[in-house]
Each structure stands twice: as C-alpha cells, then as structure tokens.
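Residue-level structural notes
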Amino acid sequence: MSGIWRDGNQLRLLINGEGYYPRVFDCIRAARIEVLLETFIIREDKVGLELQEVLIGAARRGVRVVIAVDGYGTADLQHEYVAALTREGVKIHVFDPSPRRFGMRTNLFRRLHRKLVVIDGQCAFVGGINYSADHLGDFGEMAKQDYAVEVSGPIVSDLHVAMLRFLRPAVSETSPAQPSKQPAGGARVMLLERDNERHTTDIEDEHLRAFESARKRLVVANAYFFPGYRVLRALRNAARRGVQVTLILQGQPDMRWVQAFSRLLYNYLLRDGVVIYEYCQRPLHGKVALVDEEWATVGSSNLDPLSLALNLEANLVIRDRAFNQYLHDHLLELSAEHCKRIELDRVIRGYWWRAPLVFLCFHFLRRFPAIAGWLPAHRKSLKPLEPTDKASGYEEEKIG
C-alpha cells in the first residue's frame, strides 16, 4: 500500500541509538498482541542482546513475534542466539539466505534494507537504524549518526499491511492485531516502498517531485550520496532558481570509496550554488531530507544506486510544519557545529586529472537503471529459521 497520503498522524523524530532503542524496546515490552520487525542488521552485541531479551519477554506473554532479517546484513548470528528466540515461539525469517563462498558473503545485491517495526497495530517505527552497538555514542569515533521516526495514527495500518504482505506466504496465519485508523495527531504521512516488482522508483520519484517543487529551502542529509542523474539535475536546477540547497554528506566515512564517489559530483553541484557540508564528528548514516516548510522524509533509502535501483527500502514522507522545522533546526545545528563546508576553489584544484572520472561517472548515473537489470534478479526468498539454524550457511527456500 505505497503512495497513499494519510491524515491524522502523530510523529516523533528519534536521533541515534540513544533516542531509538529505548522507545522501541519499551514499546515491545508493552506489547500485548503482536510485534512485527524487519531490519538489515542484528548483531550479537549489547543492543542485539537487549533486542533478544525484549522479544523473548513478549513471546512468553503470548504476543505473536515475527521478525525478518537480511541474509547479507545479518549473516553472522549464531545458532545459540537464534535458538533462544525460536524456542520461545519467535518466528525468524531470513531474506535471500546464501552460504558463504570461500568465507565471503556473496548475496550482495537486492538486499532487505528496510528498518520497520509495528507493535499491536497501534504504533510503528521507520528509519535507518539497525540493531547494533555502533549506533550508540559510546561505541567510539565510528559510532553512526542516524535517524528514525515513531508514528501513531492511520499510517500504522499501511505499515502493518506492507509488512504482512512482505512476510506472506512465509507467515500464512491471519494477524491478530487490528490497527486503528483513528486520528492521533495532525501530520499527513505517506508510506513509500521500493521493491523489484511494482514500486521500483517510488522513493526516487517522490524526492524528485519535492525537489522540483522547492521554492525556499531544500536540505538533504544522506550517508551514501551517489544519486541518479535526474536527482542531481533537480538539485542543481533548484539552486539555479534561488532555492537554498544544502547537502550534508559524510566527512568521516565508514566506507572511503563511497565518499570518493560522492566527491566526484561536488563540482557539478557547487558551481550552481548548492552548499555542501561534510559531517566530521562521526560517520553519517542518516537518510533524511526536507523541502520548504512542510515536506520531509525519513527512512532507510540512501540516494545511491543500491537503494534507488536494487534494495528493498521504506521511507515515510511527511507533511507537517512542526516536524519539518524540528528536523531543519537539528540539521542546521549539525552543519554549524560538526561540519566543514566544501568550497568550490578547493574542489577544482587538480580537476584536470579527475575530469575523465567525472565524465564516466555522469554517464554511469544516466545509464544505471538499465545496468541494474543485468544484476542478479532473484525472486523474493524467505527462509524460516529453526532452533538449530544460524543466519547463514543453509540452502534457500524460495517463496513466490
């Protein structure tokens, strides 16, 4: 149920693991009927162990608990961790599981990258935060900066339907939860999904519509920034018509090659007035944007080829002035206190040797949607785990 605006929702922006985990875990502890959870990564660290604890507690109270993890991102869960959950009745499904080849994960493309939770059909969480300690400040200098939203109201029903649709037919029984469609606040919200079937460009198209409609301000904070040519052109054109366009990108990258690709685009954007900051306090892992004084989005989708053309993603698009302003104030503070501004004269130094790479880069971005069709286009695959399983190393069970 992608692309339908729902009125009457209440939202809360959650910043980093310190804001996210306590809310999610408290809501799971309070669950009485059902917990549905999808994520890219669960690690067996203090965050993953607390998640295990609250899910087991819910299952022991008779709550139906169903989780789905990605076979690439969550490849290292040991069978003891899995068994502790499944013995209590927690249903765990792995998306596109694949054994390692020569010790390496091979199922790289078309990942389950969504991070969703729906509890009792009454509240939900959407964002980019995985279940791992590197989203907490005490992890050290490589702790991630990231975002999620907690939402209640009619949009929760759409999230509930989307998660059940993804899990079927692996989970065939009817959900015991009956989501309420009663208003809970004043925000207008839309769920957007990206899949490899009917909704291949929904998230990118919504970004484009918002960027092309911008009249005053446009702010993007995105971890892995290597978007398609249409998005780049929309950002440049917005700056040309007088919109204050600001990008906040990685300055302390968790993957240096990603930063290198992003920097190839800087000259194209800076020369038309786009302002670029690199966030240097810690790795930026967020996927948020806002336009003017009402539109905003938070979710799992990066603006890069994997998220825009291959992975399964989910974003909420929000029309709410208070939420937009809160996010804007936070990003403004972030750019002022923890970022360095990239100047055009710095970027064009040595440009002569980068020019061929930039040329190739833009032609790649123009043609990537077609190139993506050459990459493995496996069918949706969900493997239910048994107590003796771990999250990798078994044969796939294909689900239609």
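Numbering of residues begins from 1 in every chain and follows the order in which that chain's sequence is written. Confidence filtering applies because this is a predicted model: local features only for residues at pLDDT of at least 70, side-chain atom pairs given and counted only at 80 or more, and all residues used for totals across whole chains, interfaces and linings. Based on all heavy atoms of the structure, the side-chain values leave hydrogens and waters out of the count.

Observations regarding the UniProt feature "active site" (unreviewed entry) in the protein
UniProt positions are given in the numbering used here, feature names are shortened, and annotations may be inferred rather than shown by experiment. Summarizing the sequence annotation, UniProt attributes the feature "active site" (unreviewed entry) to His113, Lys115, Asp120, His285, Lys287 and Asp292 in the numbering used throughout. To qualify as a helix, a DSSP run of H or I must reach at least 4 residues; to qualify as a strand, a run of E must reach at least 2; elements of each kind are numbered from the N terminus. Turning to its location among the elements, His113 is positioned in the loop between strand E4 (91–95) and strand E5 (116–119). Classification of His113 by relative accessible area gives buried; the value is 8%. Beyond its immediate stretch of four places on either side in the chain, His113 contacts Phe40, Lys287, Ser300, Asn302, Ser307, Asn311, Leu312 and Glu313. Along the chain, the position of His285 falls in the loop between strand E11 (275–279) and strand E12 (287–291). We call two residues contacting when some pair of their heavy atoms lies within 4.5 Å. Leave out the neighbours within four places in its chain, and His285 touches Gly128, Asn130, His135, Lys144, Gln145, Asp146, Ala223 and Tyr224. The term polar contact refers here to a pair of N or O atoms within 3.5 Å; inside protein, the definition further demands a hydrogen-donor-capable atom paired with an acceptor-capable atom, and it admits residues adjacent in sequence only when both atoms are side-chain atoms. A polar atom in the side chain of His285 sits 3.4 Å from the backbone oxygen of Gly128. Three exposure classes are used, based on accessible area relative to the maximum for each residue type with a 1.4 Å probe and protein chains only: buried under 20%, partly exposed in between, and exposed over 50%.

Some thoughts on the packing of helix H5 (residues 202–213) against helix H6 (residues 229–240)
At their nearest, the axes of H5 and H6 sit 9 Å apart, and the two run at 15° to each other. The angle between H5 and H6 falls in the class roughly parallel. For the pair H5 and H6, the crossing hand works out as left-handed. Across from Glu204, Asp205, Leu208, Phe211 and Glu212 in H5, the residues of H6 making contact are Arg230, Val231, Ala234, Leu235 and Ala238. Its residues assigned to classes, the contact of H5 with H6 shows 6 nonpolar, no polar and 4 charged. Only C-alpha atoms enter the line fits that serve as axes; for helices the fit covers just the stretch in contact. Angles between N-to-C directions range over 0 to 180 degrees. Each angle receives one of four descriptions, namely roughly parallel if under 35 degrees, roughly antiparallel if over 145, roughly perpendicular if within 65 to 115, and oblique otherwise. Crossing handedness is defined as follows: a turn of the near helix away from the far one that is anticlockwise and smaller than a right angle gives a left-handed crossing, while the clockwise case is right-handed. Residues are sorted three ways: Asp, Glu, Lys and Arg are charged, Ala, Val, Leu, Ile, Met, Phe, Trp, Tyr, Cys and Pro are nonpolar, and all the rest, Gly among them, are polar.

Considerations on helix H4 (residues 155–167)
An expected span of 1.5 Å times one less than the residue number is assigned to each helix. In this model H4 runs 19 Å from its N-terminal to its C-terminal C-alpha over 13 residues, within 8% of the 18 Å that 1.5 Å per residue would give. In terms of burial, H4 is a largely internal element, 11 of the 13 residues being buried. When H4 is considered as a whole, its buried residues turn out to be Ile155, Val156, Ser157, Asp158, Leu159, His160, Ala162, Met163, Leu164, Phe166 and Leu167.

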